Each structure stands twice: as structure tokens, then as C-alpha cells.
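Chain by chain, the residues:
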Amino acid sequence: MSTSKKRVPTRERAPEERNKDFYEVNLGYEKRDAMEEAERCLQCKNPLCVKGCPVSIDIPGFIAELKRDHISESAKILKTYNYLPAICGRVCPQENQCEGACILNRMKDNEPVSIGKLEKFVADWEREHKTLSVSVKEKKSKCVAVVGSGPSGLTCAAYLAERGYDCTIFEALHMAGGVLVYGIPEFRLPKSIVQDEIEAIKSLGVKIETDIIVGKTITIEELRDEFDAVFIGIGAGTPKMMGIPGSELIGIYSSSEFLTRINLMKSFKFPYFDTPVRTGKHVIVVGGGNVAMDAARSALRLGEADVKVIYRRTESEIPARIEEYHHAVEEGIEFHWLTNPVEYIGENGRLKAVKIQRMELGEPDASGRRRPVPIENAYEVFEADTVIEAIGQTPNKVLLETIPQLKLNRWGNIDADETLQTSMDGIFAGGDIVTGAATVIEAMGAGKLAAQSIIEHLEKRR
Ligand code: FAD
Ligand code: SF4
């Protein structure tokens, strides 16, 4: 087997083929390639990759079992730390986490081990072969309500159920999964994979009640009466909007609306699904994160329009996963750096064009990135039929407004201590609703930590 300095490349669909449909872009490793890539891991005694992983997966351990062709054992190690490995293998920003920390980065001309792609390979193999059996500890008498079925809620519920606690998830939408189903598109994360991983969690005994909006259909007080503890993992689903002149024009979407119509309501399958999205000929997406990449690539796949992304900083500062940005470029999305919309121009109530201001980079701001500063009198006008704003999300107020006694921080997120206990006894919270918009694996880490704190809380009250 080779131990090349470079990664074994993965198979991807050709850009000119994949930019016309919603099938998965990344085809991943064949077994032979996965084994070859696994050989590149040095099996470090002090594995830096594990320190870079928010849920501390035993990365050398799962790779070692893969090297030995013990794929079921490898999957078992992954599942011990991570209930959603097929999802994380696809969407985690590994370059900032495990792979960013891999020791091979420090060796001349070496590339880090492709940990994410190996995780995807092992998790997909296990989905196909179903070798692992479910093991649940003796049933406990205590029950826990989980509000929200995103990665934080799913992980919290799975961890508790595995340890014998009775767990029910309440989800506002008709489908469980949170952003994994309504935000991240099919071509990055097929929904069948999300469903498979949710089914595995249900097999631990977790119950999922959909179409229940906590705060409307049922109150938090009713949940507190019925359950011994509550976890709130309701994410940050309310979009921020630019609020510039012309924002009321037809043709301006928030990324949340645009992506929900495509992912959850399957508008790309119109007329089989009755929810079309018409983009017109020219689409502009505002933003530089994963959400902007997903919106732009989805808009391109609807097949009507050219798509531009406008971003107020430069390529070096975009927060999107690097792989998604490269995929977007390959697929034909045009990027316009140092640009910011200042006005939407309409005709008969419909969007026609966007007035753009040119920017330059100034001093670093609180995030450490150089602040974008407008260049005086430097404007341009881009023709546009659709604008999708992807400039961030804030907490949804529906539940929070019904519990004014719950302490929030200055950004309107739930204030929780280091154990994820909130200001209300027996109520814990985690994921985006506490941190603000973050990542899948961070939300999962929070779900696990909250579950551990809930167990401690319940056992103290025995
Ligand atoms: P969510 O996933 O938001 O789930 C919250 C759930 O709570 C939702 O299902 C919601 O319907 C439900 N809910 C809300 N209010 C109520 C209520 N009152 N009653 C009942 N249920 C309620 N991260 C990555 O790591 N990699 C990526 O590639 C990536 N891409 C992304 C792309 C998009 C388009 C978006 C929007 C986000 C992306 N993220 C990505 C971020 C990541 O998805 C989130 O950080 C993560 O999903 C947060 O998990 P969560 O459990 O906190 O909340
Ligand atoms: Fe393998 Fe890199 Fe982790 Fe070392 S740091 S164990 S080489 S993946």
C-alpha cells in the first residue's frame, strides 16, 4: 500500500453534469481507496486530530480498525462518540477541526488524513450492512422532553435513551432533522441518509412527535409538569435581513425561505410537488457562508438563471466550508468580492436590479477579520430577478416569548451555564439557540453535554 504525502482523491460527479440536478455531488471512497487513505494515518500516540474534534471521536482508533478491514468495529467506535456519522462525514468543516489539527499538516508537502471522507465511508458501509446491534441500559423511571429535532436535540435524546431514560422529542415541522432536512440541500446531504440516522436513534427508544410547536400547541409549563427535565434545542431559524430600500419587492427571499421551499417542500420536483420556485434569469445571493453557497448552488440547479454571489469581504475571509466554495466555483457560480447591496430597484413591484456598493478592507473587527468599509461613490448596478439574502440567523421567538422568566443573553440567545443549565430549574438548552448559528458537530457536542448534565440533575433528585 502507498503512503503518499497527498490524500487519495475522492470521486465526485463532474461539475457540468451535477449542476443540473440535486443528486449527491461527492461520491466518496471505494473500499480500496479508503483502505489506502487509512494507511496514511500515523496512529499518533498523542492524536491532535482528536483534540480538534468537538465530540472527541477516537479517530486513530476508527482508522486503525478500518486498516485491518474490521469495518464493523470501526463503525462501532464512530457510533460510540457520534450518533450521526454519515451526516458529519459529509458536512463537518473538517479543515477547521480534526483535519486542521492533523499532525501531517506540520510535515513538509503533506496533506492531512482525509478523516471526514473516511468517516463517511465507514458510516455508509454500516448503513448498508447493518452489523451493529442496539444496546440500551436498564430502563430508568425518569423521562425527558426535548424541544427541537436538530442535531443538538437528536444527540441529547439518543444519549439519554441509550442510558435508559424515556425521551420524547417535540418538533414544530412535519419532519425531524432541523437544518439537516430543511436547510442543507440534497446534493450535499441526501435526506434518505438523515432519515436512516434518525431511524437508528428511534431504535434506541426515542419518540418523535412532529407538528408540535412548543409555546403554541403545548406550553413549556405543560412539558415541565409531564417530564422530569426539558432540553431546548430550537436552533436559530429566524433570518436576518438587510433591510435596505426596496426590500419589500417581489423576488427577494431570505435564504431560510428559499432553501426550505427547495428542501422540505421539494420545489425542484415541480410539478410532482406543488411548490414551484421561479427565479427568473438573474439571481444574486448575498453572503459568504455555507448558507449562501447552498442557496447559490440550489438556485443554479433550478436551471433558469445565472447566479452571482456578492460578498462584502474577500475570498480569504469567506466562512463557508472550503470544499463547498470550490464546488460552487466549479459549477459556474460567479463571485464578486468586496461588494455589498445598498438598494433593490424595482418595476411594478418586482425586483429588476440591485445597486451595489464597492468595499475595501479596513482594520480588524471583533471577529478578528478585517472590517469591510464602503468606498465613497463607488457604485454599480447588477440586473436581478431574484435576490437571496444569506447574512445570518437569529433565534426564533415563538417559544422564547412565552417564557419571559428564561434568561437570555444580549444577542437574544438562551443564557446557559457551562453545564448548559438555564436560569430555570430542570430546563437545559444547547446548540444554535445558545451559541448563535454554529455547526452541526458543535450542536451535537452541546446535546451530549446537556444530556450528561440532565442525568446528573435527575440522579440528584432521586
Ligand atoms: P436546528 O438544526 O436549527 O434544529 C432546531 C429544530 O427545532 C428545528 O427542527 C426547528 O423546526 C425546531 N423548533 C424550533 N422552534 C420550535 C418550537 N417552538 N417547538 C418545536 N420545535 C421547534 N453546519 C455544518 O457543520 N456544516 C455545514 O455544512 C452547514 N451547512 C449549513 C447550511 C445551512 C443552509 C444552514 C442553515 C446551516 C448550516 N450549518 C452547517 C449549521 C448547522 O446546520 C447548525 O449549526 C445546526 O443544525 C444547529 O443545530 P440545532 O440542533 O441547534 O438546531
Ligand atoms: Fe492520524 Fe493525523 Fe490523527 Fe495522527 S493526527 S492519528 S496522523 S489523523
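Our subject in this report is the structure included herewith.

As for the packing of aromatic side chains
- The full count for this structure, using the stated rule, is eight aromatic pairs.
- Centroid distance Phe-22 to Phe-187: 5.9 Å. Interplanar angle 55 degrees. Geometry classified as tilted. Of this pair, Phe-22 sits in the loop between α1 (15-18) and β2 (26-28) while Phe-187 sits in the loop between α10 (179-182) and α11 (191-202), and the two are 165 residues apart along the sequence. The pair formed by Phe-22 and Phe-187 is uniform in burial state, with each residue classed as buried.
- When the centroid spacing of 4.1 Å and the interplanar angle of 15 degrees are considered together, the rings of Phe-22 and Phe-268 count as stacked. Highlighted residues: Phe-22 in the loop between α1 and β2 and Phe-268 in the loop between α13 (255-263) and β9 (282-286), separated in sequence by 246 residues.
- Of the residues examined, Phe-22 reaches a relative accessible area of 7% and is grouped as buried.
- The class of Phe-268 is partly exposed, set by a relative accessible area of 22%.
- Among the aromatic residues, ring-to-ring pairing joins Tyr-311, Tyr-325, Phe-335 and Trp-337 into one connected group.
- The positively charged end of Arg-301 is found above the aromatic ring belonging to Phe-187, 3.8 Å away from the centroid.

Some thoughts on the sheet that holds β9
- The parallel open sheet is built from five strands, whose spatial order is β8-β15-β9-β10-β11. Looking at the sheet topology across the chains shown, the edges are occupied by β8 (252-254) and β11 (334-336). Ignoring strand direction, the axes of neighbouring strands in this sheet form an average angle of 20 degrees.
- The sheet contact formed by β9 and strand β15 (residues 386-389) spans four bridges and is parallel. Paired with Ile-284 across the two strands is Val-387, which belongs to β15.
- The sheet contacts of α13 involve β8 and β15, and relative to β8 the element is tilted by about 80 degrees.

Brief notes about the site of ligand 1
- The environment of ligand 1 is made up of 37 residues, and the closest members are Val-91, Ser-152, Glu-171, Arg-188 and Asp-432.
- Contact distances for ligand 1 include 2.7 Å between a nitrogen atom and a backbone N or O atom of Val-91.
- Compared with its free state, where it exposes 1,000 Å², ligand 1 has 95% of that area covered by protein.
- Those elements that provide at least two residues to the shell around ligand 1 are α9 (151-162), α10, α14 (290-301) and α18 (440-460).
- The greatest single-element share of the shell around ligand 1, amounting to three residues, is contributed by α14.

So, the site of ligand 2
- All residues in the neighbourhood of ligand 2 are listed as Cys-41, Leu-42, Cys-44, Cys-49, Pro-60, Cys-102, Ile-103, Val-113 and Ile-115.
- For the shell around ligand 2, the residue count by class is nine nonpolar, no polar and no charged.

Examining the nonpolar core
- Residues Ile-59, Phe-62, Ile-87, Leu-118, Leu-160 and Ile-454 are the most contacted members of the largest nonpolar core, which totals 73 residues.
- A per-element tally of this core places α18 first, with nine residues.
- Excluding residues within four positions of it along the chain, Phe-62 makes contact with Ile-57, Ser-74, Ile-77, Leu-78, Ile-115, Leu-118, Glu-119 and Val-122.
- Of all hydrophobic cores here, the second largest spans 27 residues; its members include Phe-22, Val-25, Phe-258 and Met-293.

Observations concerning the environment of Ile-232
- Residue placement: Ile-232 occurs in strand β6 (residues 229-232).
- For Ile-232 and Arg-301, which are 69 residues apart along the polypeptide, the C-alpha to C-alpha distance reads 35 Å.
- Discounting residues that sit within four places of it in the chain, Ile-232 has contacts with Val-147, Ile-220, Leu-399, Ile-403, Leu-406, Ile-414, Ile-427, Phe-428, Ala-429, Gly-430 and Ile-433.

A closer look at the pattern of salt bridges
- Tallied over the entire structure, the rule returns 31 salt bridges.
- Among the ionic pairs, Lys-407 bridges to Asp-415, the shortest N-O distance being 3.3 Å.
- The class of Asp-415 is partly exposed, set by a relative accessible area of 28%.
- Because the salt bridges share partners, they merge into one network encompassing Arg-18, Arg-188, Asp-294, Arg-297, Arg-301, Arg-321, Glu-324, Glu-330 and Glu-331.

Section: unusual backbone geometry
- In this structure, Gln-43 takes a positive phi of about 55 degrees despite not being glycine.
- Among the secondary structure elements, Gln-43 is positioned in the loop between α2 (31-38) and α3 (48-51).
- For Lys-130, which is not glycine, the phi dihedral falls at a positive 45 degrees.
- Topologically, Lys-130 is positioned in the loop between α8 (115-129) and β3 (143-147).

Regarding α8
- Taking 1.5 Å per residue as the helical rise, α8 with its 15 residues ought to reach 21 Å, and the 21 Å between its terminal C-alpha atoms agrees with that figure.
- For α8, the buried fraction is high: twelve of the 15 residues fall into the buried class.
- Every buried residue of α8 is accounted for by Ile-115, Gly-116, Lys-117, Leu-118, Glu-119, Lys-120, Phe-121, Val-122, Ala-123, Asp-124, Trp-125 and Glu-126.
- Two residues or fewer after α8 comes Lys-130, characterised by a positive phi angle close to 45 degrees.

Observations concerning the layout of surface pockets
- Put simply, the second largest pocket is a space of about 730 Å³.
- Lys-79, Leu-132, Ser-133, Val-134 and Ala-200 are, among the 23 residues lining the second largest pocket, the residues nearest its centre.
- Among the secondary structure elements, those contributing two or more residues to the lining of the second largest pocket are α5 (71-81), α8 and α11.
- The biggest single contributor to the lining of the second largest pocket is α11, with five residues.
- For the lining of the second largest pocket, the per-class residue count stands at eight nonpolar, four polar and eleven charged.

Rules used in this analysis
- Residues numbered from 1 in each chain as written.
- Chains lettered and ligands numbered in written order.
- Predicted model: local features only at pLDDT ≥ 70, side-chain atom pairs only at ≥ 80, totals over all residues.
- Heavy atoms only, no water.
- Phe/Tyr/Trp six-rings, centres within 6.5 Å; stacked < 30°, edge-to-face > 60°.
- Helix = DSSP H or I, 4+ residues; strand = E, 2+ residues; numbered from the N terminus.
- Buried < 20%, exposed > 50% of the residue type's maximum accessible area, 1.4 Å probe, protein only.
- Lys NZ or Arg CZ within 6 Å of the ring centre and 35° of its normal.
- Pairing = 2+ DSSP bridges.
- Axes fitted to C-alpha atoms, helices over the stretch in contact; angles between N-to-C directions.
- Contact = heavy atoms within 4.5 Å.
- Near = heavy atom within 4 Å.
- Polar contact = N/O pair within 3.5 Å; in protein donor to acceptor, adjacent residues only side chain to side chain.
- Areas by Shrake-Rupley, 256 points an atom, 1.4 Å probe, with all protein chains shown as cover.
- Nonpolar A, V, L, I, M, F, W, Y, C, P; charged D, E, K, R; others polar.
- Core = buried A, V, L, I, M, F, W, Y, C linked by side-chain atoms within 4.5 Å.
- Salt bridge = Lys/Arg side-chain N within 4 Å of Asp/Glu carboxyl O.
- Expected span 1.5 Å × (residues − 1).
- 1 Å grid on protein atoms, 1.4 Å probe; cavity = no way out; pocket = protein on both sides within 12 Å on 5 of 7 lines; lining within 4 Å.
- Points joined across faces, edges and corners; volume = space filled by probe spheres on them.

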